[in-house]
Amino acid sequence: MANAQSPVLVAQGIGHLSRSFLREVGGVFWFIVNTFEEMFERMQRGRVPFHAASFFRHTQRAGVDSVPLAGLVSFFLGLTMALLTGYQLQRFGTERLIPGLVAIAFTRELGPLLTGIMLAARIGAAFTAELGTMQVSEEVEAIEAMGIGPLRFLVAPRMLALFLLMPCLSTVSNIAAVFASSLICKAYFSIAFPYFLDLVKDSLLIRDIITGILKSFLFGLLIAAIACYRGLTVKGGAAGVGTATTSSVVTAITTVIGFDTLYNVVYTTFYPT
Amino acid sequence: MTTPRHMVELRDVCMQFEEKKVLDGVSFTVEPQERLVIMGQSGSGKSTILRLILGILRPASGSIFFKGLEVNRLPRRKLQRVRQHMGMVYQYSALLSSRNVRDNVALPLEELTDKSRAEIDKIVDEKLELVGMKDSKDLLPDELSGGMRKRVALARALVLEPELLLLDEPSAGLDPVIASVIDELIISLSEKSKVTSITVTHEMDSAFRIATRMAMLYQGKIIEEAEPEKLKQSKNPVVAQFLSGSTEGPILEGSLDAITKK
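Quantities reported herein were computed from a predicted structural model and do not represent experimental measurements.

## Considerations on the interface of chain A and chain B
Facing the 13 residues of chain A at the interface are 16 residues of chain B. By residue number, the principal contributor to the side of chain A that touches chain B is helix α5 (residues 139-145) of chain A, which donates five residues. Counted by class, the side of chain A that touches chain B contains five nonpolar, three polar and five charged residues.

Here it is in structure tokens:
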């Protein structure tokens, strides 16, 4: 009997999972739409959607304060990457490919991806915990009860801060990694700094830079939206905030990697060279 | 559309959370300048009524009107405007924990009006003075006692000069003197500024002091509604037991037996 039922149960499980996945995707999508809607409604009435002070507080926290982390992690990764690839390439006498390899890898792929993962952990978690605590202590409801749009007031400045700051942080990450690889190139492979720069300039295309920046904007928006969505849908007190924070980080990191893959598939399909 | 004569009207409102039916056909009206007190056991749905009037919750069925506007059918933008005519004081104050007292009270003015900083400061000072909290302007909510927080929440609810004040347990956790001050304030607001209020409370002294009319909510229904003096004479066993605080009567039937057996 159990055997006869198991395919049904499996199908039921898959159905249940798909439904909750689609519900979440729809939830985040409409969350972003509603946030922009509330902002534009406010702007139509000739008012600023949120105070500049609130926006700059979040850019300071999400952006400026994240520079050391993004810079340092990328610096170390740049060192490792240059060193490991350098030794392999040296065997074929092609170590002059290191500058281009690191520059392209970071500008197109690793810079935005690493920054996205770091920000999801550092800022996404903070946004979820902060909004989640406000949600369970009725602060969000009180804001709503005053006639203030909570999405405009709480979510919009956070979303915009992360959206605009992600490309900047990706750039910091790229520069740190390229700088680190230049040190390795100089120390281990006798590539002088001016020659290193020439090699980077020769190999790096404008479209690599644009691809990386576009990705960063997208990742910033997704991380902020997922973090704020999870925060504002918290249920179940302090434990609920904890669960939502974990879930926010996991979801944001998975989404960033997923979207990165999707972006690359679409990009290479339409621009194969 | 209802006649705008009523400040608030609930028509046959039903509300349930998952399987639990909280409100089962609640109907009442509140006239301008009236001070309605809703009484009932914990978890009987009193606070839910306030949230329904604010449009935070939507009823399963029935209608809620505020000055003739059907709150439960209003689109978000209109609902936000309607809410600006209401002030809500939450049971646990719901002050924004990261903003100090001044910023909490100033929030609706900063976000919803074009007033200058000087004008906002003047209004904030005035409202904080009204609740006796002017000296605590720079403190964070964490640095205040429960009673002080509630007074700040009341000041915040009053800054936009609301026509309707919704109070969820306004005297709970306050010392008797401050509780009386708050009660007097609610009375004077309705008499001088023509503010209508709906208060949800367990504190019977406070309820009888404030109310011009009282309603008893029991098992999802308003079982009695009358002026305070008439309610005191009520023959309804539930109302009589609730007012006397006796353990004998229909309210604890079943659960009291279980406690005694233990």
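What follows picks up the thread again.
## Things to note about the pairing of strand β3 (residues 35-40) of chain B
All names here are of chain B. In terms of burial, β3 is a largely internal element, six of the six residues being buried. Of the two faces of β3, the one holding Arg-35, Val-37 and Met-39 and the one holding Leu-36, Ile-38 and Gly-40 are both buried throughout. One ladder, built from four bridges, connects β3 with strand β8 (residues 196-200); its direction is parallel. Following the sheet pairing, Val-37 is matched in β8 by Thr-199.

## Digging into the nonpolar core
Of all hydrophobic cores here, the largest spans 134 residues; its most connected members are Leu-162, Ile-223 and Cys-228 of chain A together with Ile-53 and Leu-166 of chain B. Among the elements that take part in this core, helix α6 (residues 150-189) of chain A stands out by supplying 20 residues, more than any other. Residue contacts for Ile-223 of chain A: discarding those within four places in its chain leaves Gly-116, Leu-119, Ala-120, Gly-124, Leu-162, Ala-252 and Val-256 of chain A.

## Some remarks on the packing of helix α3 (residues 101-112) of chain B against helix α4 (residues 117-130) of chain B
Residue and element names in this part refer to chain B. Contact geometry for α3 and α4: axes closest at 10 Å, N-to-C directions at 125 degrees. Comparing their axes, α4 and α3 come out oblique. Between α3 and α4 lies a crossing whose hand is right-handed. Seen from α3, the contacting residues are Arg-102, Val-105, Ala-106, Leu-109 and Glu-110; seen from α4, they are Ile-120, Ile-123, Val-124, Lys-127 and Leu-128. Residue composition of the contact of α3 with α4, grouped by class: seven nonpolar, no polar and three charged.

## Some thoughts on the environment of Ile-123 of chain A
All names here are of chain A. Mapped onto the elements of the fold, Ile-123 is located in helix α4 (residues 98-136). For Ile-123, a count of 26 C-beta atoms within 10 Å gives the class buried. Residues Ile-123 and Arg-158, 35 residues apart in the sequence, show an inter-C-alpha distance of 9.8 Å. Apart from the residues lying within four places of it in its own chain, the contact partners of Ile-123 are Ala-62, Ser-66 and Leu-162.

## Looking at α6 of chain A
Each turn of an α-helix holds 3.6 residues, which means side chains three or four residues apart point in the same direction. Residue and element names in this part refer to chain A. Compared with an ideal rise of 1.5 Å per residue, which puts 40 residues at 58 Å, α6 spans 56 Å between its outermost C-alpha atoms and is within 8% of the ideal. A bend of about 40 degrees at Ala-156 is the largest found in α6, and the proline Pro-157 appears one to four places after it. In terms of burial, α6 is a largely internal element, 30 of the 40 residues being buried. Looking one or two places after α6, you find Ser-190, whose phi comes out positive at around 55 degrees.

## Some words on the environment of Gly-63 of chain A
Residues and elements named next belong to chain A. Looking at the element boundaries, Gly-63 is found in the loop between α2 (52-62) and α3 (67-91). Residue classification places Gly-63 among the buried positions, given that 22 C-beta atoms sit within 10 Å. Residues Gly-63 and Glu-109, spaced 46 residues apart in sequence, show a C-alpha to C-alpha distance of 20 Å. When residues no more than four places from it in sequence are discounted, the contact partners of Gly-63 are Ala-161, Leu-165, Cys-168 and Leu-169.

## Quick notes on the sheet that holds strand β1 (residues 8-17) of chain B
Neighbouring strands of a sheet are bound in pairs by backbone hydrogen bonds; such pairs are parallel or else antiparallel. Residues and elements named next belong to chain B. The sheet built from four strands is open, its strands ordered β2-β1-β4-β5 with antiparallel pairing. With one partner strand each, in any of the chains shown, β2 (20-30) and β5 (69-70) form the two edges of the open sheet. Pairing analysis gives two bridges linking strand β4 (residues 61-66) to β5, with the strands arranged antiparallel. Bridge pairing links Phe-65 to Glu-70 in β5.

## Focus: the confidence of the model for chain B
Averaged over all residues, the pLDDT of chain B is 88; the fraction at 70 or higher stands at 95%. The element-level mean pLDDT for chain B is lowest in helix α10 (residues 255-261) of chain B, coming to 56, with α3 of chain B highest at 95.

## Overview of the sheet that holds strand β7 (residues 164-168) of chain B
Residue and element names in this part refer to chain B. Pairing is mixed across the open sheet formed by six strands, whose spatial order is β6-β7-β8-β3-β9-β10. With one partner strand each, in any of the chains shown, β6 (86-89) and β10 (221-226) form the two edges of the open sheet. Strand-to-strand twist across the sheet, computed as the mean angle between neighbouring axes with direction ignored, equals 15 degrees. With four bridges joining them, β6 and β7 adopt parallel strand pairing. Counted as the bridge partner of Met-86 is Leu-164 from β7. Along the sheet face, helix α6 (residues 176-192) touches β3, β7 and β8 and points at about 155 degrees away from the line of β8. Helix α9 (residues 237-244) contacts β3, β9 (213-218) and β10 of the sheet and is inclined by roughly 105 degrees relative to β9.

Criteria and cut-off values
- Residues numbered from 1 in each chain as written.
- Chains lettered and ligands numbered in written order.
- Predicted model: local features only at pLDDT ≥ 70, side-chain atom pairs only at ≥ 80, totals over all residues.
- Contact = placed C-beta atoms within 7 Å.
- Helix = DSSP H or I, 4+ residues; strand = E, 2+ residues; numbered from the N terminus.
- Nonpolar A, V, L, I, M, F, W, Y, C, P; charged D, E, K, R; others polar.
- Buried ≥ 20, exposed ≤ 12 C-beta atoms within 10 Å, placed from the backbone.
- Pairing = 2+ DSSP bridges.
- Core = buried A, V, L, I, M, F, W, Y, C linked by C-beta atoms within 7 Å.
- Axes fitted to C-alpha atoms, helices over the stretch in contact; angles between N-to-C directions.
- Parallel < 35°, antiparallel > 145°, perpendicular 65-115°, else oblique.
- Left-handed = near helix turned anticlockwise from the far one by under 90°.
- Expected span 1.5 Å × (residues − 1).
- Bend = angle between axes of the 7 residues up to and from the residue.
- pLDDT = per-residue confidence, 0-100.

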